[in-house]
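# Secondary and tertiary structure notes
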Amino acid sequence: MGWLPWSSDSSSNAASDGGRIAPDRSSRQRCYEGRDLFFSCLDRNDILDAVKNDKEAQRKCGKELAQFETACSRAWVKYFKEKRVMEYNRDKTIERIKKEDAAKVEDLKSQGWTAR
Amino acid sequence: MASSIRPASRLFTRASRASLVSLESPASRTLARTAMNTQTAVRTSISHNQLKNGTTLAHRAFSTSRAHLKKSPTMGQLKARNSTGPFSWKSALLFVLTGGGMIIYFRVEKERLERKRIAEMSKGVGKPRVGGPFTLTDLDGKEFTAEDLKGKYSFVYFGFTHCPDICPDELDKMAEIIDKVNEATGGEKIFLPVFITCDPVRDTPEVLREYLKEFHPGIIGLTGTYDQVRNVCKQYRVYFSTPRDIKPGEDYLVDHSIYFYLMDPDNDFVECIGRQDTPESATRTIMEHINDWKREGKPLRKD
């Protein structure tokens, strides 16, 4: 995790201009695992938005959050937290539209309409 | 009016009579049938004329049909024809094969023309201008321009190395596509996979090289100055949101479009490959375009 700005062994992944080499496959994998652990803890505690409900998330999933934050860069942590909310809303919307469609089809069928 | 019709009807009568004499060959039979049909048509107009001009024409027409009755095929001939019908198994087979062949040919041709339409949509008037001239730097620090893409099919992806999850997924897909296309073209070097960074401040050639080698050694990594990258993103209609004044090492994300752009050897945009495509479907699309290009005998650079 040397590419993290606050970690001590950042020398190995530093680029010559002072920037950082991007996370490689294994550190990406570590980050995804940290994220999945944190998110399953959020699921258990019925927390959706870890940005808005930061305090609650800290209290209930403090350990997982700390791991997640060590494994991923700050921008990624924020990105994944936001993405979780976005995906939840997206899935809800898709579900709602599907239900509405099904209801509409039922309604039309009861009026004697048949699908092609 | 009657005088103009008379010679015509006489001609038809003569023709039909002549052909009715020999009914052996099927060709003459058809001819006779045609003649009879024409005769019927003429007769209709004659009977119309007859009302005005008397009965001579009607008589002549009648005499012809009598000749036709006399020379009609014998019962034996008719029976022989009825037992087999007009089709033999040979002609049936020929019919099925030709029909099947035509259907397949038209389907293939329709698909090819559809692809051609897509490919040519970006040529000529009213073309969507995706892609265009650019100057960037490759991983060896050498200048790389749009001209270097010409003569080959190029497969352009925009991304950045600090991308959390989508770019790595898509680059893994790109690696699979590269291998599949290379396999399908038999190792011809006519396919250039290109990764252009939208994050030039962090993605120096050094950073880019370290990043890309994990995916596929064949990917051409390109970076440049902030303005060069902004220009190429504009050319390819890629949303570019990288802030200008950031120091290397700063932590931020970049929004960008997540399409692969397939460009033909003229460096005209052909098609988008998106998230919904699998390596297989993408390879199929790419190979169809490459094969169309080859079939039309257009030039390709194989160095």
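What counts and how
- Residues numbered from 1 in each chain as written.
- Chains lettered and ligands numbered in written order.
- Predicted model: local features only at pLDDT ≥ 70, side-chain atom pairs only at ≥ 80, totals over all residues.
- UniProt positions renumbered as here; feature names shortened; annotations may be inferred.
- Helix = DSSP H or I, 4+ residues; strand = E, 2+ residues; numbered from the N terminus.
- Buried ≥ 20, exposed ≤ 12 C-beta atoms within 10 Å, placed from the backbone.
- Contact = placed C-beta atoms within 7 Å.
- pLDDT = per-residue confidence, 0-100.
- Core = buried A, V, L, I, M, F, W, Y, C linked by C-beta atoms within 7 Å.
- Axes fitted to C-alpha atoms, helices over the stretch in contact; angles between N-to-C directions.
- Parallel < 35°, antiparallel > 145°, perpendicular 65-115°, else oblique.
- Nonpolar A, V, L, I, M, F, W, Y, C, P; charged D, E, K, R; others polar.
- Arc of directions from axis to C-beta.
- Expected span 1.5 Å × (residues − 1).

The name that an unreviewed UniProt entry assigns to chain B is Putative mitochondrial metallochaperone Sco1, with the source organism given as Aspergillus violaceofuscus. Its UniProt record, at the heading Sequence similarities (unreviewed entry), says of chain B: "Belongs to the SCO1/2 family."

Chain A appears in an unreviewed UniProt entry as Cytochrome c oxidase assembly factor 6 from Aspergillus indologenus CBS 114.80.

### Thoughts on the overall build of chain A
The helix and strand tally for chain A stands at three helices and zero strands. Going residue by residue from the N terminus, the α and β elements of chain A occur as α-α-α. When burial is assessed residue by residue, chain A has 23% of its 116 residues classed as buried. A separation threshold of at least 6 residues defines the contact pool for chain A, and within that pool the share at least 24 residues apart is 47%.

### A closer look at the confidence of the model for chain A
The pLDDT averaged across chain A works out to 83; a share of 81% of its residues lies at or above 70. Throughout residues 1–12 of chain A the model reports pLDDT below 50, and contacts reaching past four residues in sequence, or to other chains, amount to 19 contacts.

### Quick look at the nonpolar core
All names here are of chain B. Residues Val156, Phe260 and Leu262 are the most contacted members of the largest nonpolar core, which totals 54 residues. Looking at this core, the elements that each hand over two or more residues are strand 3 (153–159), helix 6 (166–184), strand 4 (191–197), helix 7 (205–212), helix 8 (226–235), strand 6 (260–263), strand 7 (269–273) and helix 9 (279–295). It is helix 6 that provides the largest number of residues to this core, a total of six residues. Non-local contacts of Phe260, meaning those with residues more than four positions away in its chain, are made with Phe155, Val156, Tyr157, Met174, Cys272 and Ile273.

### Focus: the UniProt feature "binding site: Cu cation" (unreviewed entry) in chain B
All names here are of chain B. When the UniProt feature table is mapped to this numbering, "binding site: Cu cation" (unreviewed entry) covers Cys163, Cys167 and His256. Spatially, the listed residues are clustered: although they cover 94 residues, their C-alpha atoms lie within 10.0 Å of one another. Counting through the fold element by element, Cys167 comes out in helix 6. Ignoring sequence-local partners within four residues, the contact set of Cys167 consists of Gly159 and Phe160. Relative to the helices and strands, His256 is located in the loop between helix 8 and strand 6. Judged by the 23 C-beta atoms lying within 10 Å of it, His256 falls in the buried class. Leaving out residues up to four positions away in the same chain, His256 has contacts with Phe158, Gly159, Cys198, Val238, Tyr239 and Phe240.

### Digging into the packing of helix 1 (residues 25–44) of chain A against helix 2 (residues 54–71) of chain A
Helix packing for two helices is described by the angle between their axes and how far apart those axes are. Residue and element names in this part refer to chain A. Running from N to C, helix 1 and helix 2 cross one another at 170°; their axes reach a closest spacing of 7 Å. As summarised for this structure, helix 1 and helix 2 are arranged roughly antiparallel, according to the angle between their axes. Judged by residue contacts, Arg30, Cys31, Gly34, Arg35, Leu37, Phe38, Cys41 and Leu42 of helix 1 engage Ala57, Cys61, Glu64, Leu65, Gln67, Phe68 and Ala71 from helix 2. Of the residues belonging to the contact of helix 1 with helix 2, the class tally is ten nonpolar, two polar and three charged.

### Some details on helix 8 of chain B
Residues and elements named next belong to chain B. Every buried residue belonging to helix 8 is among Val229, Val232 and Cys233, and all of these are buried. The buried residues of helix 8 all sit within an arc of 100° when viewed along its axis, so they share a single face. For helix 8, the secondary structure elements touched by its buried residues are strand 1 (135–137), strand 3 and strand 4.

### Notes on the environment of Leu212(B)
Residue and element names in this part refer to chain B. Looking at the secondary structure, you find Leu212 in helix 7. Accessibility expressed as a C-beta count within 10 Å gives 23 for Leu212, which makes it buried. Sequence separation between Leu212 and Thr161 is 51 residues, and the spatial gap between their C-alpha atoms is 8.4 Å. In contact with Leu212, other than residues within four places in its own chain, are Phe195, Ile219 and Gly221.

### Let's talk about helix 6 of chain B
Note on helix geometry: an α-helix contains 3.6 residues per turn, so any two residues three or four positions apart are oriented the same way. Between the first and last C-alpha of helix 6 of chain B there are 27 Å, a value that for 19 residues agrees with the 27 Å anticipated at 1.5 Å per step. All of the buried residues along helix 6 of chain B are Cys167(B), Pro168(B), Glu170(B), Leu171(B), Met174(B), Ile177(B), Ile178(B) and Val181(B). Where helix 6 of chain B is buried, its residues meet helix 1 of chain A together with strand 3, strand 4, strand 6 and helix 9 of chain B.

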